[in-house]
Amino acid sequence: MKLSSKPTPQWLVKRIKQAGGSISFYEYMSLALYDPEHGAYSSGRLRIGKDGDFVTSPSMGPEFSELLAIQINQWFKHLQRDFVNSNRFSLIEIGPGEGHLIEDLIPALVSINPIIIEYLDFVLVEESQALKNKQKRRLSKFSKISITWKTLDQVTSKPLNGIILAHEMLDALPVERVVWKDNILWRQGVKLIQHNDNEFLSFTELPISKELVDLINKINFSYEIKIPPEDVNNGWCTEVHVDLARWLFKASQAIENGFLLIIDYALEANRFYSNHRPFGTIMSYKEQRANKSILDRPGECDITSHLCLETLILFAKENNWKLIGEARQGQALLSLGLAQKLYSLQKLYINNLPKALNKRETLLRLVDPLSLGEFRWIAFHTNRFNEFSDKEMKVDTRFLEVPD
Ligand SMILES: C[S@@+](CC[C@H](N)C(=O)[O-])C[C@H]1O[C@@H](n2cnc3c(N)ncnc32)[C@H](O)[C@@H]1O
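Residues numbered from 1 in each chain as written. Predicted model: local features only at pLDDT ≥ 70, side-chain atom pairs only at ≥ 80, totals over all residues.

Draft legend 1. Examining the sheet that holds strand β2 (residues 89–94) more closely. Within the open sheet, the seven strands sit side by side as β4-β3-β2-β5-β10-β17-β16. Their pairing is mixed. Of all strands in the sheet, those with a lone pairing partner are β4 (147–149) and β16 (322–328), marking the two edges. Going from strand to strand, the sheet's axes swing by 15° on average, the running direction of each strand aside. The pairing of strand β3 (residues 120–125) with β4 spans three bridges and is parallel. Looking at β4, one finds that Phe122 is bridged to Ile147. (Pairing = 2+ DSSP bridges. Helix = DSSP H or I, 4+ residues; strand = E, 2+ residues; numbered from the N terminus. Axes fitted to C-alpha atoms, helices over the stretch in contact; angles between N-to-C directions.)

What follows is the structure, encoded as structure tokens:
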């Protein structure tokens, strides 16, 4: 039996003992990331960026937001054209981390459409108070711009016209894991094991709940896939995104007319629920290192799971989101002008070679298929007046066009 490599922190030992000696993987991930005092996100212990625990595209520099701004501007123009009765629009970012994306998006939007800021409200939705504080500090320089922090429930109580961005946020939603063992599908759990006066963590199998079985059956039925796959090996396990449908429902309640752009790790169902992927997609990150030992250092590491593309689209459609399309980040950024940006560096920084090289490296990492270029951009729109119509509305979306 494989144990965590370090003794379990006492706060988690206490929680697991209070629960009777074992908890589900879902509860483990919730506690490790979001325990109000000790969770890696809630405590603000995780640092995002080149000098932190992991990088995200917006934390590498302004280049990502500058290209994204082209898409945001195109969609806002679309909303302005079609909803002239509204004089305010909102850009809602859910899970803004340390606030890098908005910090660079504001000047980027101003430079391509200087009057846009006059009718735009930026709304940040963040669960962690520690991260909220970091975001407030980072964005305090924009004192003349309308920036507010709200909970998703506050936004849903007064829906807005605008765009929701969720960048690397849904991969941090707690997931259930299921395990195929001795011809039975189990719910994965986490338990304590006493060893040399210390408590270590180990996986265990718990009976599967009816809700989990229903959800798996629904995914199987909708896409004619099999979870677990044919000829599955003993010990195969995977993730099930039990909170995704509820999140998409809430997001749809937050927007009257507008767009949802999800940028995240994602895989097609046949690659996700495959025999070639015997341990699912779950990983932990700390000090720029990816680690498969997800029971190590709970409360210190990020834990992430890929999304399943078809499941995401299925739940989104059930919640009034109409799919516009999806693309890999590499292609999306090339369509938004990354190649031209790369080419212009030599002219813009003719006297500053180190800066030009630095920017060049960032741009290349954003599209590298072995790195951030594999991220998926998945775009939806919603229009309350059109709620019951199946007719697809034509929405020009530059990131889906063939690059010049
Ligand atoms: C991996 S970080 C990404 C940060 C940022 N978007 C970036 O790309 O740099 C995940 C973020 O989502 C936040 N988060 C997780 N669950 C959330 C929820 N249900 N509502 C709002 N924010 C959430 C975390 O606190 C954190 O800010």
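Draft legend 2. Main features of the site of the ligand. Looking at the ligand, there are 20 residues lining it, with Tyr41, Thr56, Gly95, Gly97 and Glu168 nearest. Class assignment of the residues belonging to the shell around the ligand gives a composition of ten nonpolar, seven polar and three charged. (Near = placed C-beta within 6 Å. Nonpolar A, V, L, I, M, F, W, Y, C, P; charged D, E, K, R; others polar.)

Draft legend 3. Inspection of the sheet that holds strand β14 (residues 302–304) at higher detail. Pairing is antiparallel in the open sheet, where three strands are placed in the order β13-β12-β14. Since the sheet does not close on itself, it has two edges, and those belong to β13 (289–291) and β14, each with one partner. Strand-to-strand twist across the sheet, computed as the mean angle between neighbouring axes with direction ignored, equals 30°. Summarising the sheet, strand β12 (residues 283–286) and β14 pair through three bridges and their orientation is antiparallel. Bridge pairing in β14 links Met283 to Thr304.

Draft legend 4. The pairing of β2, seen in detail. Among the six residues that make up β2, six are buried, leaving the element largely enclosed by the rest of the structure. Taken together, the six bridges between β2 and β3 define a ladder with parallel strand orientation. By the bridge assignment for β3, Leu91 is matched with Phe122. Running through helix α4 (residues 100–112), the crossover from β2 to the neighbouring parallel element β3 is right-handed. Bridge count between β2 and strand β5 (residues 160–167): four bridges; the pairing is parallel. If you follow Ser90 over to β5, its bridge partner there is Gly162. (Buried ≥ 20, exposed ≤ 12 C-beta atoms within 10 Å, placed from the backbone. Right-handed = clockwise from strand over helix to strand, strands pointing away.)

Draft legend 5. Quick look at unusual backbone geometry. The omega torsion across Ile227 and Pro228 is 0°, close enough to zero to call that bond cis. Here Pro228 lies in the loop between α7 (210–223) and β9 (237–240). At Glu168, a residue that is not glycine, the phi angle is positive and equals roughly 50°. Of note, Glu168 is situated in the loop between β5 and β6 (176–181). Of the residues examined, Glu168 has 23 C-beta atoms within 10 Å and is grouped as buried. Within the chain, Asn320 stands out as a residue other than glycine whose phi angle is a positive 70°. Inspection of the secondary structure puts Asn320 in the loop between α10 (309–318) and β16.

Functional significance is not addressed by these values, which are geometric in nature.
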